[in-house]
Amino acid sequence: MDGAEIATVVRPVAAGTRAAWSAPELAADPSWVFALSEGAAGEMARAVRRAHRPGQPLTDYRREDFDFSAALPVLDAAFAETRNGRGIALVQGLPREALSEPEFELLTWAIGLHAGVPRPQGKATHYLSAVRDVGTVYRSGTGRGYSSNAELDFHTDGADVVALTCFNTAKAGGMSMVSSSVTAHNIMASERPDLAALLHGTFHFSRQAEQAPDEAPFYPHPIYAALEGRLHSRWNRNRIISAQKLPGVPPLSAAQHATIDLLDEILRRPSVMYAMHLAPGDMQLLNSHVTLHSRTEFEDHDDPAAKRLLFRLWLTPPDARALPEAWLPGYRSVAARTVRGGIRGQAYDSVRRAFERRQAAALAMLLEPEANQA
C-alpha cells in the first residue's frame, strides 16, 4: 500500500507538552515573551557599531567580535524556550533606533552567531534574507514568500530554528500568525483519525528550482512523524501543490486533498492560531518542528526608507536533537548535534563549508566546558 494511504488510526502525540499550546493559553501566559533592558540593548548597539566593517562578508565575523554579555541571559532564555518549551519566543527591545539598516542586519547575524550555526536559504546560498517585497510571485514554481507581499500559506521553514528581526513595519497588514503543529495534529487525530493517519504518509515537496546539483527538484516527506515521544512537522502547501506539476510526482489522492484542506482549516481556527504584529526592535523565534507560521498580505509605504523590512536567519542550535529518519531528504542529516537543514543551492563552496565548521566547533566548546580546561 502506498505510504500516502496508510489506514491505521493515529492518536494524539505529546499532548501534555508545552509545545501543545492553544492561542488562548499563549495569550494568557506571557512567559514566552522576553524583554531586553535599555542597558543590554545599548551594549548590543555599541558592540555592533565597533565590529561593523562595511563590505566585510558576514562569514568573516566571529562570535567573539560581539560582546553581548548583558543581553545573553535574555537571549539564551528565549532560545531555550524555543527549543525546549513552547517552540515560540518573542524578544523585545533590540536597539533598532540606534542602528542603521546594515548595522541592524549585522545585529541579527551576531545574535545568530551566539545561538547556532546559520543555514543557507536559497539558490544564492545566502545565510541572511531581507524579508521585503521585491515583486516575487509567491504561487509559482520558483516563488518564495519572503520576497513578496502576498498572504502566505501556513508553512515550515527549512531549518531547526527561525529568527526574524523587525526593522520596519508595513503601512497595513503583514501580521504574523503562528500555530502549534502539535495541537493541530492532535485536533485532527481526535476529529478525523483516518485523515490524521495520512499526515504520516508520503507527500512530495518541490524545491522551487533551488536544488543543489546532487538533489532532485522534489523530495518525499511526511507532514508529521514521531520520534522518542516527540512529534515533528514539516508542512508547506505551496511546495506540495508546486510539486504536482513536476514530472515523476504522483498525483495527490482525494483523501490527501481532504487531509491538507482540513489541516489548513484547523491551523486557522481562533483557538489554534495566535496572531501578532512584530514591532521594530522585536525578534520572533520559532522551532520549525513544533510550530507552523504564516503572514497576512500587506500594503507597503511609498517611501523606500520606510518599507516593510525584516531579517530572517535559519539556525541549527548546538544541542539540536535527533530528527525522524524521514527528515533526511530535507535536512541531509538527522543525527543530534549536527549541522543540518537549509537550501544549499548552486553556490555552496569551500568558504561556506569552512565557516560552518568553524562556527559549529566554537559552539561545541560552549557545550563542553571541560574542553576549555584541556
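Each value, and the rule that gives it
- Residues numbered from 1 in each chain as written.
- Predicted model: local features only at pLDDT ≥ 70, side-chain atom pairs only at ≥ 80, totals over all residues.
- Heavy atoms only, no water.
- Salt bridge = Lys/Arg side-chain N within 4 Å of Asp/Glu carboxyl O.
- Helix = DSSP H or I, 4+ residues; strand = E, 2+ residues; numbered from the N terminus.
- Buried < 20%, exposed > 50% of the residue type's maximum accessible area, 1.4 Å probe, protein only.
- Phe/Tyr/Trp six-rings, centres within 6.5 Å; stacked < 30°, edge-to-face > 60°.
- Lys NZ or Arg CZ within 6 Å of the ring centre and 35° of its normal.
- Polar contact = N/O pair within 3.5 Å; in protein donor to acceptor, adjacent residues only side chain to side chain.
- Contact = heavy atoms within 4.5 Å.

Visitor: Would you take a moment to explain the pattern of salt bridges for this structure?
Guide: Pairing is possible between side chains of opposite charge, provided their charged atoms come close. Scanning the model with the defined rule gives 16 salt bridges in all. Residues D29 and R86 are paired through a salt bridge, measuring 2.8 Å at the closest nitrogen-oxygen approach. With D29 in the loop between α1 (23-28) and β1 (33-35) and R86 in the loop between α3 (72-84) and β2 (88-92), this pair connects stretches of sequence that are 57 residues apart. One salt bridge in this structure joins E101 and R132, with 3.3 Å as the shortest N-O distance. Pair noted here: E101 is in helix α4 (residues 101-115) and R132 is in the loop between β4 (128-131) and β5 (161-168), with a separation of 31 residues, a long-range link. Here E101 falls in the partly exposed class, since its relative accessible area comes to 32%.

Visitor: Honestly, the packing of aromatic side chains in this entry has me stumped. Any pointers?
Guide: To describe a pair of aromatic rings, one takes the distance between the centres and the angle between the planes. Evaluated as defined, the whole model comprises 9 aromatic pairs. Look at W32 and Y274: their rings are 5.5 Å apart centre to centre, the planes differ by 85°, and that puts the pair in the edge-to-face class. Remark: Y274 occurs in strand β12 (residues 273-276) and W32 occurs in the loop between α1 and β1; sequence separation between them is 242 residues. Residue classification places W32 among the buried residues on the basis of a relative accessible area of 3%. Here W109 and F355 contribute two aromatic rings whose centre-to-centre distance is 5.5 Å and whose plane-to-plane angle is 25°, an arrangement assigned as stacked. One end of the pair, W109, is in helix α4; the other, F355, is in helix α10 (residues 350-367), with 246 residues separating them in the sequence. This pair shows no difference in class: W109 is buried, exactly as F355 is. Ring pairs connect the aromatic residues Y61, F66 and F68, which therefore count as one cluster. Here the basic side chain of R96 rests over the ring of F167, its NZ or CZ set 3.7 Å away from the ring centre. Its guanidinium or amino end placed over the ring of Y348, R344 lies 4.5 Å from that ring's centre, counting from NZ or CZ.

Visitor: Help me understand the environment of P102 in this model?
Guide: In this fold, P102 is placed in helix α4. By relative accessible area, P102 is classed as partly exposed at 42%. Separated by 48 residues in the primary sequence, P102 and P54 place their C-alpha atoms 8.2 Å from one another.

Visitor: Any chance you could explain the side chain of H114 here in plain terms?
Guide: If you trace the backbone, H114 turns up in helix α4. With relative accessibility at 9%, the residue H114 sits in the buried group. Looking at H114, its side chain comes within polar contact range of the main-chain oxygen of F66, at 3.2 Å. For H114, the residues in contact, after removing those within four places along its chain, are R63, F66, F68, L72 and L363.

Fair warning: the whole summary comes from geometry, so function is off the table for now.
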